[in-house]
Amino acid sequence: MSIERDVNDQPYASPPIAHGGPSLPQERRLVTEVPGPRSRELLARKRAAVPQGIGTTLPVFVTHAGGGVVVDADGNSLIDFGSGIAVTSVGNAAPRVVERVRKQVADFTHTCFMVTPYESYVEVCEKLNRLTPGDHEKRSFLVNSGAEAVENAVKVARHATGRQAVVVFDHGYHGRTLLTMTLTAKNMPYKHRFGPYAPEVYRMPMAYPFRWPTGPENCAEEAAAQTIDMINKQIGAENVAAIVIEPIQGEGGFIEPARGFLPALAEYARGAGIVFIADEVQTGFARTGHLFACEDEGVVPDIICTAKGIAGGLPLAAVTGRAELLDAVHIGGLGGTYGGNPLACEAALAVLDTIEAEGLVERAREIGGVMLPRLRALAERFDMIGDVRGRGAMIAIELVVPGTNEPDADVTGEIVRRCHAEGLVVLTAGTYGNVLRFLPPLSIPGNLLDEGLTILEKVMSSL
Ligand SMILES: *Cc1c(COP(=O)(O)O)cnc(C)c1O
């Protein structure tokens, strides 16, 4: 097939089949084994064309998605408990996103905001400044990925403070660039043989209630005291530019820090002139039953990094923070060719409208209200479930060898394989690979949420 088109060609006709979005039939439907023959064929092409370093969780090739389902090339319709890793929180091909992006793509697709700006970028920043925690004066700028947002937040903090050290935590995940890979805790698969890493990064204990040596009651206080002591003694507070932390850790296993830990760190940072950076790349935009997870304990970060749920799947990320920090950087010191692309900005504005119009913060709480009791009941029946945790539509179970705290990655992998075969998209997480995490789109219909949980119950009973 030629890729050249004559300028006089008619525009491409719309496909005659149903589009994605919520109008897709909201049902689980398996018409072949998973993956089916068409997906297996495409997987073979992938193997020949794409390096194995780019992994695959569930090798079905997608043709449509929306509401609470993902439809593959063989016609299977799978229940989505992944949202493309917490990205399509408003749903795939959400109507407002489709409408605004469609209009924008016909108007203009790029100018580079640093060359000739456009209004939608400014509007996204105004909204982020207003909606993120804290009523202080703020500024925002836009980049392309979560990693880029975190990396830029550190650049700003270093520039504004004139300090270099960055404090991060056990089980933290912040991205795959040199700096953010260094900030990330886990060696395999993120860091292995990719060194040398960036200098001046210091890792502290995480207030992980389920695994805290002296028990969950002491966790927040002891973890905060140890962190503060290590900063003071080993680094020197006056050398620390920033503390970077996820308010609920994502890839590290949906670890909710023991209550009190985040406020204690934020207060210490304020007193020591350290920039407190919340990495809300995974937790942001209604996912946890708040617009931002920091709100749960009333924590006001100096800088907040957002990405994943911000634009319904179009690549966009943001750095939002105190005006005096972000304005400290000289003219031209921040930016990038594609940052705040006009299509992505329109999508973000549509996402924010959708969250408000459809009450998605409340919807995330309802989803948690359905999932948590059912998973806790499951934990009563199966002692391989060591912990049930999470907030809103960011929920996980941690799997252990029964009667111990020992992580069981094998049983986790087996559960995931069986869920996939039954047409339920679930993801794993955790430093020990023993966490099953659930991130349904907030647009998932209640019956599919129930059905997904029923599949999980059946799979666990079948082990
Ligand atoms: C996914 C993620 C990142 C990295 O985002 P990318 O868009 O993949 O670069 C950073 N921090 C957290 C908490 C994440 O979940």
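Calculation criteria
Each residue is numbered by its place in its chain's sequence as written, counting from 1. Under the rules for a predicted model, residues below a pLDDT of 70 receive no local features and side-chain atom pairs below 80 are neither given nor counted, while totals for whole chains, interfaces and linings still include all residues. Just so you know, side-chain values use all the structure's heavy atoms and leave hydrogens and water out. A run of H or I in DSSP counts as a helix once it spans at least four residues, and a run of E counts as a strand once it spans at least two, with each numbered from the N terminus. The atom set for the radius of gyration is the C-alpha atoms, and the globule formula is 2.2 Å times the number of residues raised to the power 0.38. Under the scheme applied here, a residue whose accessible area is under 20% of the maximum for its type counts as buried, over 50% as exposed, and between as partly exposed, the area being computed with a 1.4 Å probe on protein chains only. What a helix is expected to span follows from its residue count: subtract one and scale by 1.5 Å. By definition, the arc is the one covered by directions from the helix axis to the C-beta atoms. Whether two residues are in contact is decided by their heavy atoms: any pair within 4.5 Å suffices. For the domains described, the bounds stem from an automatic or database domain assignment. Two parts placed together each lose some accessible area under a 1.4 Å probe, and the buried area is that loss summed for both. Definition used for salt bridges: Asp or Glu carboxyl oxygen within 4 Å of a side-chain nitrogen of Lys or Arg. Here a polar contact is taken to be a pair of N or O atoms separated by no more than 3.5 Å, where protein atoms must pair a possible hydrogen donor with a possible acceptor and residues adjacent in sequence count only if both atoms sit in side chains. When residue character is reported, Ala, Val, Leu, Ile, Met, Phe, Trp, Tyr, Cys and Pro are called nonpolar, Asp, Glu, Lys and Arg charged, and the others, Gly included, polar. Whether two strands pair comes down to DSSP finding at least two bridges between them. Between N-to-C directions, angles span 0 to 180 degrees; the directions come from axes that are lines fitted to C-alpha atoms, helices contributing only their stretch in contact. We call a residue near a molecule or strand whenever a single non-hydrogen atom of that residue lies within 4 Å of it. Computed with a 1.4 Å probe, the accessible areas rest on the Shrake-Rupley method; for each residue, only the protein chains presented here act as cover.

*Asks:* Help me understand the overall build of the protein chain in this model?
*Replies:* Helices and strands together make up the secondary structure of the protein chain, namely 13 helices and 15 strands. For the protein chain, the C-alpha radius of gyration of 22 Å lies close to 23 Å, the compact-globule estimate for 463 residues. C-alpha extents for the protein chain along the principal axes are approximately 65 × 60 × 45 Å. Within the protein chain, the fraction of its 463 residues that count as buried is 53%.

*Asks:* Explain helix H1 (residues 37-49) to me, please; I cannot follow it from the model alone.
*Replies:* Side chains three or four residues apart in an α-helix point the same way, a direct result of the helix having 3.6 residues per turn. The end-to-end C-alpha distance of H1 is 19 Å, a good match for the 18 Å that 13 residues give at a rise of 1.5 Å each. For H1, the set of buried residues is Ser39, Leu42, Leu43 and Lys46. One side of H1 holds all its buried residues, which, seen down the axis, span an arc of 110 degrees. The exposed set on the far side of H1, more than 90 degrees from its buried face, consists of Arg45, Arg47 and Ala48. Buried residues along H1 sit in contact with strand E2 (69-72).

*Asks:* Can you help me understand the domain arrangement of the protein chain in this one?
*Replies:* Much of the literature gives interface size as the accessible area that the parts lose upon coming together. By the assigned domains, the protein chain splits into domain 1 (21-93 + 360-462) and domain 2 (96-357). Spacing between the C-alpha centres of domain 1 and domain 2 amounts to 26 Å. At the junction of the two partners, domain 1 supplies 39 residues and domain 2 supplies 34 residues. Taken over both partners, the interface formed by domain 1 and domain 2 buries close to 3,000 Å², and the fraction arising from carbon and sulfur atoms is 56%. At the junction of domain 1 and domain 2, the tally comes to four salt bridges. With a shortest N-O distance of 2.9 Å, Glu251 and Arg437 are connected by a salt bridge. Inspection of the domain 1/domain 2 interface yields 20 residue pairs in polar contact (both at pLDDT 80 or more). Within the residue set of the side of domain 1 that touches domain 2, elements represented by two or more residues are helix H2 (83-86), helix H11 (360-381), strand E11 (385-391), strand E12 (394-399) and strand E15 (435-438). Sort the elements by how many residues they give to the side of domain 1 that touches domain 2 and E11 lands first, with five residues. The class makeup of the residues in the side of domain 1 that touches domain 2 is 22 nonpolar, eleven polar and six charged.

*Asks:* Honestly, the sheet that holds strand E10 (residues 317-322) in this entry has me stumped. Any pointers?
*Replies:* Picture the strands of a sheet paired through backbone hydrogen bonds; they go either parallel or antiparallel. Read from one edge of the open sheet, seven strands run E4-E10-E9-E8-E7-E5-E6, paired in mixed fashion. A single partner strand is all that each edge strand has here, and the edge strands are strand E4 (138-143) and strand E6 (201-204). On average, adjacent strands in this sheet sit at an angle of 20 degrees to one another, irrespective of strand direction. Against the sheet, helix H4 (residues 119-131) makes contact with E4 and E10, and its axis sits at roughly 130 degrees relative to E4, the strand it touches most.

*Asks:* Please explain the site of the ligand as it appears in this structure.
*Replies:* Taken together, the neighbourhood of the ligand is formed by Ser145, Gly146, Ala147, Tyr173, His174, Gly175, Glu246, Asp279, Val281, Gln282 and Lys308. Interatomic distance of 2.7 Å between a side-chain N/O atom of Lys308 and an oxygen atom of the ligand. In the complex, the protein chains occlude 81% of the 380 Å² of accessible area that the ligand would expose alone. For the shell around the ligand, the per-class residue count stands at three nonpolar, five polar and three charged.

*Asks:* Hey, could you run me through the pattern of salt bridges in this one?
*Replies:* Side chains bearing opposite charge may pair, as long as their charged atoms lie close to each other. Tallying each qualifying case throughout the model produces 26 salt bridges. One salt bridge in this structure joins Arg211 and Glu398, with 2.6 Å as the shortest N-O distance. On the criterion of sequence distance, the pair formed by Arg211 in the loop between E6 and helix H7 (219-235) and Glu398 in strand E12 is long-range, its members being 187 residues apart. Using a relative accessible area of 0% as the deciding quantity, one classes Glu398 as buried. Of the charged contacts, one joins Arg363 and Glu366 as a salt bridge, the two residues approaching to 3.2 Å between their closest N and O atoms. Of this pair, Arg363 and Glu366 both sit in helix H11, separated by three residues, roughly a single helical turn.

*Asks:* I would appreciate a short explanation of the pairing of E2 in the present structure.
*Replies:* On a regular strand, each side chain points to the face opposite its neighbour's, so the side chains alternate between the two faces of the sheet. Where burial is concerned, the two faces of E2 agree: the one with Val69 and Val71 and the one with Val70 and Asp72 are both buried. The pairing of strand E1 (residues 62-66) with E2 spans four bridges and is classified as antiparallel. Directly across from His64, in E2, lies its bridge partner Val71. Following E1, the chain reverses through two residues before pairing antiparallel with E2; Gly67 in that reversal takes a positive phi of roughly 60 degrees. Across three bridges, the pairing between E2 and strand E3 (residues 77-80) is antiparallel.

*Asks:* Help me understand the sheet that holds E15, please; the structure alone is not making it clear to me.
*Replies:* Spatial ordering of the open sheet is given by E11-E12-E15-E14, a layout of four strands whose pairing is antiparallel. Each edge of the open sheet carries a strand with a single partner, namely E11 and strand E14 (427-429). Each adjacent strand pair in this sheet contributes to an overall mean axis angle of 25 degrees, direction not counted. Note: E14 against E15, three bridges, orientation antiparallel. Residue pairing for E15: Ala429 is matched across the bridge by Val435.

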